[in-house]
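Take a look at the letters that make up each chain.
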Amino acid sequence: MTILTASRGKFITLEGIDGAGKSTHLSWLENLLRRQGKRVIVTREPGGTPLGETLRQLLLDRGQVIHPETEALLMFAARREHLDKLILPALDRGDWVISDRFTDASFAYQSGGRGLPSRKLNVLEHWVLGKFQPDLTLYFDVTVELGKQRTSAIKAADRFEKEPEEFFRRVRDAYLERVRIFPGRMRLIDANKPLEEVQKSLHDVVISYCDA
Ligand code: TYD
């Protein structure tokens, strides 16, 4: 898992509760980075590989009843494959990788939301990632009410989206706690604001990151 820093691309992850608007912001960010001359690969979790996408279907299927620990293990199994088959090879080639969710989502959903002790996730994180971390994590913060409003307007709820508001309150709190713990890597973007304002914040964070 050793990576040569000289030619290595950057790994950017997007996080937020369901309905935070990540998909819209992701395409906008992709275009921004391409305009900056970066070669960009967009991916997502759970998913990003054939095995990961198959696990995603199971994990999001609202007909499945899954133990919280099984859920966490499957998230990390998909992640291990994702790192090996897509993320690390792309970064080694010098590509920039944007992932719609990564390990922070496991801490937010499986620990915050489902209540698994974070020490169990720390073990999985250490096992699967070693010291590897995203270079930059953009956390799009919205209120639970706004998130719910947006998801129910878009599509039928999946296995996570059908959870009650209380679940998403815990997920959001867990994300906010991680932003406090990792202020260097994680940046909070207030996604309650109108789209143009969110894009302006996103632009400023990303450009200052690229220039640093
Ligand atoms: P999401 O990223 O919101 O995709 P879509 O916009 O298509 O609904 O869906 C993925 C879901 O998986 C989301 O509800 C959060 C959940 N998830 C976890 O619970 N743990 C994880 O580690 C990851 C990566 C995702």
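All values reported here derive from a predicted model rather than from experimental measurement. (Residues numbered from 1 in each chain as written. Predicted model: local features only at pLDDT ≥ 70, side-chain atom pairs only at ≥ 80, totals over all residues. Heavy atoms only, no water.)

J.: Describe the overall build of the chain, naming the residues involved and giving the relevant values.
T.: When you go through the chain residue by residue, the secondary structure sums to eight helices and five strands. When the elements of the chain are put in sequence order from the N terminus, they spell out β-α-β-α-α-β-α-α-β-α-α-β-α. Relative to a compact globule of 212 residues, whose C-alpha radius of gyration would be 17 Å, the chain shows 16 Å and is just as compact. Sorting the 212 residues of the chain into buried and exposed places 51% on the buried side. The long-range share in the chain, meaning contacts at least 24 apart out of those at least 6 apart in sequence, stands at 79%. Total accessible area on the chain is roughly 10,200 Å²; 55% of this is exposed by carbon and sulfur atoms. (Helix = DSSP H or I, 4+ residues; strand = E, 2+ residues; numbered from the N terminus. Rg over C-alpha atoms; globule rule 2.2 N^0.38 Å. Buried < 20%, exposed > 50% of the residue type's maximum accessible area, 1.4 Å probe, protein only. Contact = heavy atoms within 4.5 Å. Areas by Shrake-Rupley, 256 points an atom, 1.4 Å probe, with all protein chains shown as cover.)

J.: With reference to specific residues and values, describe the pairing of strand 4 (residues 136-141).
T.: Here strand 4 lies mainly inside the structure; six of its six residues are buried. Of the two faces of strand 4, both are covered, the one formed by Leu-136, Leu-138 and Phe-140 as well as the one formed by Thr-137, Tyr-139 and Asp-141. Across four bridges, the pairing between strand 1 (residues 11-15) and strand 4 is parallel. Counterpart to Leu-14 in the pairing with strand 4 is Leu-138. Sheet analysis places strand 4 next to strand 5 (residues 186-190), joined by five bridges and oriented parallel. The residue bridging Asp-141 from the neighbouring strand is Asp-190, located in strand 5. (Pairing = 2+ DSSP bridges.)

J.: I'd like a description of empty space enclosed by the protein, backed by residues and values.
T.: Over the atoms, a rolled probe matching the size of one water molecule traces out where space is still vacant. A full pass over the atoms with the stated rule returns one cavity of 30 Å³ or more. The calculated volume of the largest cavity comes to roughly 50 Å³. In this structure, the largest cavity is lined by Ile-17, Asp-18, Val-144, Gly-147, Lys-148, Thr-151, Glu-161 and Phe-168. Here the element with the most residues in the lining of the largest cavity is helix 6 (residues 144-154); it accounts for four residues. Looking at side-chain class alone, the lining of the largest cavity contains three nonpolar, two polar and three charged residues. (1 Å grid on protein atoms, 1.4 Å probe; cavity = no way out; pocket = protein on both sides within 12 Å on 5 of 7 lines; lining within 4 Å. Points joined across faces, edges and corners; volume = space filled by probe spheres on them. Nonpolar A, V, L, I, M, F, W, Y, C, P; charged D, E, K, R; others polar.)

J.: An account of the site of the ligand is requested, with residue identities and associated values reported.
T.: The immediate surroundings of the ligand are formed by 16 residues, with Asp-18, Arg-56, Arg-101, Ser-106 and Gln-110 found nearest. Interatomic distance of 3.4 Å between a side-chain N/O atom of Lys-22 and an oxygen atom of the ligand. The separation between an oxygen atom of the ligand and a polar side-chain atom of Arg-101 is 2.7 Å. About the coverage of the ligand: the protein hides 90% of its 560 Å² of free accessible area. At the level of secondary structure, the elements contributing two or more residues to the shell around the ligand comprise helix 3 (68-93) and helix 4 (103-113). At four residues, helix 4 tops the list of elements feeding residues into the shell around the ligand. Counted by class, the shell around the ligand contains five nonpolar, two polar and nine charged residues. (Near = heavy atom within 4 Å. Polar contact = N/O pair within 3.5 Å; in protein donor to acceptor, adjacent residues only side chain to side chain.)

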